[in-house]
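Summary of structural features
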Amino acid sequence: MSKSIPERLAQKQIPQLLGIVIALPLIILLLWGQPPAHAQSSKPAIASGELVLPDWSFFDGPPLELSGDWEVVWGQLLAPEEFDGAYDGEHFKLPGRWNNQDRPGIKNAYGVATFRVRLNLPEYNRNVAFSLIAPHAAYRVYIDGVLVISSGTVSPTKEGFEANYVSRTFAGQSGASEIVMQVSNFAHAYGGPGHPLTLWDAQRLERFLDAVSLAYGLVLGIMFAIGLFHLIFYLADRRDYANGPIHLWFSILCFIIVYRVQGVIPFFHTYFPDTNYWENLRFTYASLYAAPAVYLLFFRSVFPAQFPKKLTQTIIATSVIGLVFSLIATEYYYTLTRNFSILLNVVAIVYSIIFTVRAMVARQAGALVILIANSMFLLTAINDAIIYTDQGSGFDATPFGILALGLGYSYALLLRLQHAFKEARTTSQALETLNRDLEKQVRDRTLAFKSAAAKAENAAEERARFIAAASHDLRQPLHALAMFNAALKSKLKRKPESELVEKQENSIANLSALLQDTLDTARAEIQQKTPNWKEVEIEAVFSKLSGAFTIQANTRNIKLSFEGRGGTIVTDPALLQRILGNLIENALKAANSAVIIEAHHDYNSWVFCVSDDGAGIANEDVDRIFESYVTLQDTVAGQGGGYGLGLFVVKEFSKLLGGQITVNSQCDEGCQFTLNLPDQNAQLSAVPQSLALQSAAPSLQSISVLAIDDELDVLEATVAMLREWGCEAKSVSKPEDAMAALALGFRPDVMLVDFHLHDTDGLKVIEAINAKLPAPIPAIMITGATEPEILRKIEAAGIPVLEKPIAPWRLARMIEDTIKQTKQGLP
């Protein structure tokens, strides 16, 4: 089967295409801009300060350029009648700049000179007129001793000199005449007449300038409208992080172009020649440097994957430096960069063409149209570069290249929007298919779950009935035994046997506590116990606890203190009292002299602390004390052991209430248990804020993401979502494809990796990728697995994990946090 054009280009044909793209405009330019050899040889030239053309036709012939060897007197501004007395026979070829001249009175293109030429032309029965493109100097022109035009302020010294950078037209004369031109320059680094004085038929010149003004004005209006359109487009949807910057940079580029075009419209030169706009070129040079920077920012936004980031930033930085330099430097120094600024613009265009070819090969929407428009723009840019670097003559063609550029880019952006709509439609269809598959899977899993749940429910009901029966049967004899023991204790009061009865009473109490802990443990393990949520006063809870444990504390000579009783909490009062009761009972056993119970409100939770001044817990035992049937051997006087279920019940009941229990202890310094319970009222009041947080669009502009998942539908949906956030996203379904993407230079800021991959797991893939890189890439593990051993394995690797299905705002927040921690050097 034959391969497509992009596939053939990808197989080492890109260099040939680049050569064609760059060479074609140059060939066309040579054919367009250079007249035939015989026409060159017949072009009239001034010789020894005189031009004799008795048969010249003003009506049929081209405009007459007064190029050649003019008579010159350096360092003086001479009136026409003074020229002969000062002239020593020297000639100078005009047009010609002064920057490379070693002449009397000329230094670094600064100085003055007077030029003269004698014309011998046929008489003409119609008016003729001269045209002179801005000579980067101030000047005065005399014809037969009469001053006909003055531009700027001509002065023999820098004091009083004032340039006027505007092209002018003025009345000429047919037949025999003498032209004297006084020129002074004390501002521009390329001063002097760089373009020839040209003689036209006056009506032809007027028609030509009107046509150029109309064409340039049309370009200006179209570019302003395009720029305004894209600016409105950006402002209307600036949260579109994928396309928003494209519209912004293109609108700015259009406005820079508008400023550039209005400066070359002959209409303004003719009717507004003496305005302050023409006094210096500072903003003209600033726009010359701003254009390539904005130009490449636009391209980087359109084709982020194809334009090298560092190289593009280097060219942009160079442009910005030139921009700042042109705004703060004196006129001589920023005009000294004329050729460099023009070259920088041409380089930016060629650079954009090269990497637009890459975008075309990658089948990026609109790349071909942009490539064609860029090539046309390059043609006109090279033409103007030749003119403005004094290597040739002609008129400014850049506005027409800019028009082609603007129309081409606008059409390309429309193609990109069309492509985006097609992608959205494809994504929508894929989501519909995925949704149907998920619904089917949910139905199947629900049926399987119901079947398993029914079996588990039967087993749980049997266990619950056993626990209820055991609870009733065991409590009855214990209650009777306690009653008998109390009666016996009353009979044997103050008798020697009473000590044995008290020991028996303690044994009964311990047996009762063991029974309660055992039943609570069983209920927690089968999740039979459900919290009964109520609003309760903290002071009421503390009051009951104080009544239950004050006598026991006094018996042990321990001070029992309750602090911070104010406020209410929505919780299960019985479970809260059971948790705090177990903690207080343990604290009384361990304390030497004091137990303190504190409560305070912290943002949206209540914090309860139970502290004692006992011997504390060794570090190696801290993690064990919340396990069932684990007890620590007490060695300090006054402490009694337990059965190892009290703290297990505390942990499980804390989970039922949505809280967390922690311990802080050191040997010989006491122990503090901290219970953190959510305040349901505070959580309800925070719902609008959290919903607002979830609905807010994430700002992930320009973040590169590599997604690895062997489910293609999931990959497609993930990439579509990431790109909507402004990410540069790349997806692969196999670990080897990820390696290949990295080998080709793609460097993501973060990886999204599924745990269950074909023939491997996500942890191994992350380890293999980072083993081949100088610096590891942070990763986020995404999994539907709920097995505790898998989750512990991921946690041990130090990789953040999200469980499917994922709320988009949670994924965005985790990406931001992961990248932020990586930049700060946090693990």
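Model, not experiment: these values are computed from the prediction. (Residues numbered from 1 in each chain as written. Predicted model: local features only at pLDDT ≥ 70, side-chain atom pairs only at ≥ 80, totals over all residues. Heavy atoms only, no water.)

Here we take up the overall build of the chain. The secondary structure content of the chain amounts to 25 helices and 26 strands. Accessible area of the chain: about 43200 Å², with a carbon and sulfur share of 57%. (Helix = DSSP H or I, 4+ residues; strand = E, 2+ residues; numbered from the N terminus. Areas by Shrake-Rupley, 256 points an atom, 1.4 Å probe, with all protein chains shown as cover.)

Moving on to the sheet that holds strand E18 (residues 660-665). Here 5 strands make up an open sheet; going across it, the order is E14-E16-E17-E19-E18 and the pairing mixed. Looking at which strands have only one partner, the edges of the open sheet turn out to be strand E14 (559-563) and E18. When strand polarity is set aside, the average angle formed by the axes of neighbouring strands in this sheet is 15 degrees. In this structure, strand E16 (residues 594-602) lies alongside strand E17 (residues 605-612), joined through 8 bridges in antiparallel fashion. For histidine 600, the partnering residue across the bridge sits in E17 and is valine 607. This element, helix H15 (residues 538-555), spans E14, E16 and E17 of the sheet and lies at about 175 degrees to E14. Packed on one face of the sheet, helix H16 (residues 573-590) meets E14, E16, E17, E18 and strand E19 (671-678) and runs near 20 degrees to E17. (Pairing = 2+ DSSP bridges. Axes fitted to C-alpha atoms, helices over the stretch in contact; angles between N-to-C directions. Contact = heavy atoms within 4.5 Å.)

Turning our attention to unusual backbone geometry. Backbone torsion omega between leucine 94 and proline 95 reads 0 degrees, so that peptide bond is classified as cis. With respect to the helices and strands, the residue proline 95 is situated in the loop between strand E4 (91-94) and strand E5 (106-107). A positive phi angle, close to 55 degrees, is found at serine 48, a residue other than glycine. On the secondary structure map, serine 48 appears in the loop between helix H3 (37-41) and strand E1 (50-52). Phi is positive for asparagine 108, close to 55 degrees, though the residue is something other than glycine. Of note, asparagine 108 is situated in the loop between E5 and strand E6 (110-120).

This paragraph deals with the packing of aromatic side chains. Under the defined criterion, the tally for this structure stands at 27 aromatic pairs. With a centroid separation of 5.9 Å and 75 degrees between ring planes, the pair formed by phenylalanine 307 and tyrosine 351 is classed as edge-to-face. On the criterion of sequence distance, the pair formed by phenylalanine 307 in the loop between helix H8 (282-302) and helix H9 (309-328) and tyrosine 351 in helix H11 (residues 338-361) is long-range, its members being 44 residues apart. For the residue pair phenylalanine 307 and tyrosine 351, the accessibility class agrees, reading buried in each case. A network of ring pairs unites the aromatic residues Phe250, Tyr295, Phe298, Phe299, Phe307, Tyr351, Phe355 and Phe377 as a single cluster. (Phe/Tyr/Trp six-rings, centres within 6.5 Å; stacked < 30°, edge-to-face > 60°. Buried < 20%, exposed > 50% of the residue type's maximum accessible area, 1.4 Å probe, protein only.)

With their axes 11 Å apart at the nearest point, helix H22 (residues 735-743) and helix H23 (residues 762-771) run at an angle of 25 degrees to one another. One finds that H22 runs roughly parallel with respect to H23. The way H22 lies across H23 gives a crossing that is right-handed. On H23, the residues that touch Pro735, Ala738, Met739 and Leu742 of H22 are Val765, Ala768 and Ile769. Class assignment of the residues belonging to the contact of H22 with H23 gives a composition of 7 nonpolar, no polar and no charged. (Parallel < 35°, antiparallel > 145°, perpendicular 65-115°, else oblique. Left-handed = near helix turned anticlockwise from the far one by under 90°. Nonpolar A, V, L, I, M, F, W, Y, C, P; charged D, E, K, R; others polar.)

With 20 residues, H9 extends 29 Å between its outermost C-alpha atoms, agreeing within 8% with the 28 Å of an ideal straight helix rising 1.5 Å per residue. Considered for burial, the residues of H9 that qualify are Thr312, Ile315, Ile316, Ser319, Gly322 and Ser326. For H9, the angular spread of the buried residues around the axis is 115 degrees, confining them to a single face. Of the exposed residues in H9, those oriented more than 90 degrees away from the buried face are Lys310, Ile321 and Ile328. Looking at the buried residues of H9, the elements they touch are H8, helix H10 (331-335) and H11. (Expected span 1.5 Å × (residues − 1). Arc of directions from axis to C-beta.)

Following both chains from N to C, one finds H9 and H11 inclined at 155 degrees, their axes separated by 11 Å at the closest point. With respect to their mutual orientation, H9 and H11 come out roughly antiparallel. Like other packed secondary-structure pairs, H9 and H11 cross with a definite hand, here left-handed. For the pair H9 and H11, the contacting residues are Leu311, Thr312, Ile315, Thr318 and Ser319 in the first and Phe340, Leu344 and Tyr351 in the second. Within the contact of H9 with H11, the residues separate by chemical class into 5 nonpolar, 3 polar and no charged.

With that out of the way, let us pick up the environment of tyrosine 351. The class for tyrosine 351 is buried, based on a relative accessible area of 7%. Tyrosine 351 sits 40 residues away from leucine 311 along the chain, and the two C-alpha atoms are 10.0 Å apart. The residues contacting tyrosine 351, other than those within four sequence positions of it, are Leu296, Phe307, Pro308, Leu311, Thr312 and Ile315.

All told, the structure shown has 7 salt bridges when counted by the stated rule. One salt bridge in this structure joins glutamate 71 and arginine 118, with 3.2 Å as the shortest N-O distance. Placement of glutamate 71 in strand E3 (residues 68-74) and of arginine 118 in strand E6 is noted, with a sequence separation of 47 residues between them. Its relative accessible area of 5% is what places glutamate 71 among the buried residues. Given the relative accessible area of 29%, arginine 118 is considered partly exposed. Through salt bridges that share partners, Glu71, Asp84, Arg116, Arg118 and Glu178 make up one connected network. (Salt bridge = Lys/Arg side-chain N within 4 Å of Asp/Glu carboxyl O.)

Three or four residues apart is the spacing at which side chains of an α-helix point the same way, because the helix has 3.6 residues per turn. With 18 residues, H15 ought to run about 26 Å at 1.5 Å a step, and its terminal C-alpha atoms sit 26 Å apart, in line with that. The sharpest bend along H15 measures roughly 45 degrees and falls at phenylalanine 549. Inspection of H15 places Ile538, Val541, Phe542, Leu545, Phe549 and Ala553 among the buried residues, and these make up the whole buried set. Trailing H15 by a residue or two, asparagine 557 shows a phi angle of about 60 degrees, which is positive. (Bend = angle between axes of the 7 residues up to and from the residue.)

This part takes up the pairing of strand E8 (residues 138-143). It is a general feature of regular strands that their side chains alternate between the two faces of the sheet. Of all 6 residues making up E8, 5 are buried, and the element is well covered by its neighbours. Relative to strand E11 (residues 176-185), E8 runs antiparallel, the two sharing 6 bridges. Residue pairing in the sheet places arginine 140 in a bridge with glutamine 182 of E11. By the bridge criterion, 5 bridges tie E8 to strand E9 (residues 146-151) in an arrangement that is antiparallel. Note that in E9 the partner of isoleucine 143 across the bridge is valine 146.

Taken residue by residue, the chain gives an average pLDDT of 78. The fraction at 70 or more is 76%. With pLDDT under 50 throughout, residues 1-41 is counted as low confidence; its partners more than four residues away or in other chains account for 37 contacts. Confidence drops under pLDDT 50 across residues 682-697; counting only partners more than four residues distant or on other chains, this segment forms 7 contacts. (pLDDT = per-residue confidence, 0-100.)

What follows concerns the nonpolar core. With 57 residues, the main nonpolar core has Met223, Phe250, Tyr295, Phe298, Phe299, Phe303 and Tyr409 as its most contacted residues. For this core, the secondary-structure elements that each account for two or more residues are helix H5 (202-236), helix H6 (244-262), H8, H9, H11, helix H12 (367-388) and helix H13 (398-491). With 12 residues, the single largest contributor to this core is H11. The next biggest cluster of nonpolar side chains, apart from the first, holds 40 residues, and it includes Phe542, Leu576, Leu580 and Leu588. (Core = buried A, V, L, I, M, F, W, Y, C linked by side-chain atoms within 4.5 Å.)

Quick look at the environment of tryptophan 606 now. Among the structural elements, tryptophan 606 can be located in strand E17. Among all residues touching tryptophan 606, those that are not within four sequence positions of it are Ile538, Gly566, Gly567, Thr568, Ile569, Ala599, His600, His601, Leu675, Asn676, Leu677 and Asp679. A distance of 3.0 Å separates a polar atom in the side chain of tryptophan 606 from the backbone oxygen of threonine 568. (Polar contact = N/O pair within 3.5 Å; in protein donor to acceptor, adjacent residues only side chain to side chain.)

Strand pairing within a sheet occurs via backbone hydrogen bonds; the two strands may be parallel or antiparallel. Across the sheet, 4 strands lie side by side as E2-E12-E7-E10; this open sheet has antiparallel pairing. Taken across any chain shown, the strands that pair with only one partner, and hence form the sheet edges, are strand E2 (64-65) and strand E10 (168-171). Alignment of E2 against strand E12 (residues 198-201), held across 2 bridges, turns out to be antiparallel. Within E12, the residue paired with glutamate 65 across the bridge is threonine 198. Of the strands in this sheet, strand E7 (128-132), E10 and E12 touch H5, which is tilted by about 100 degrees from E12.

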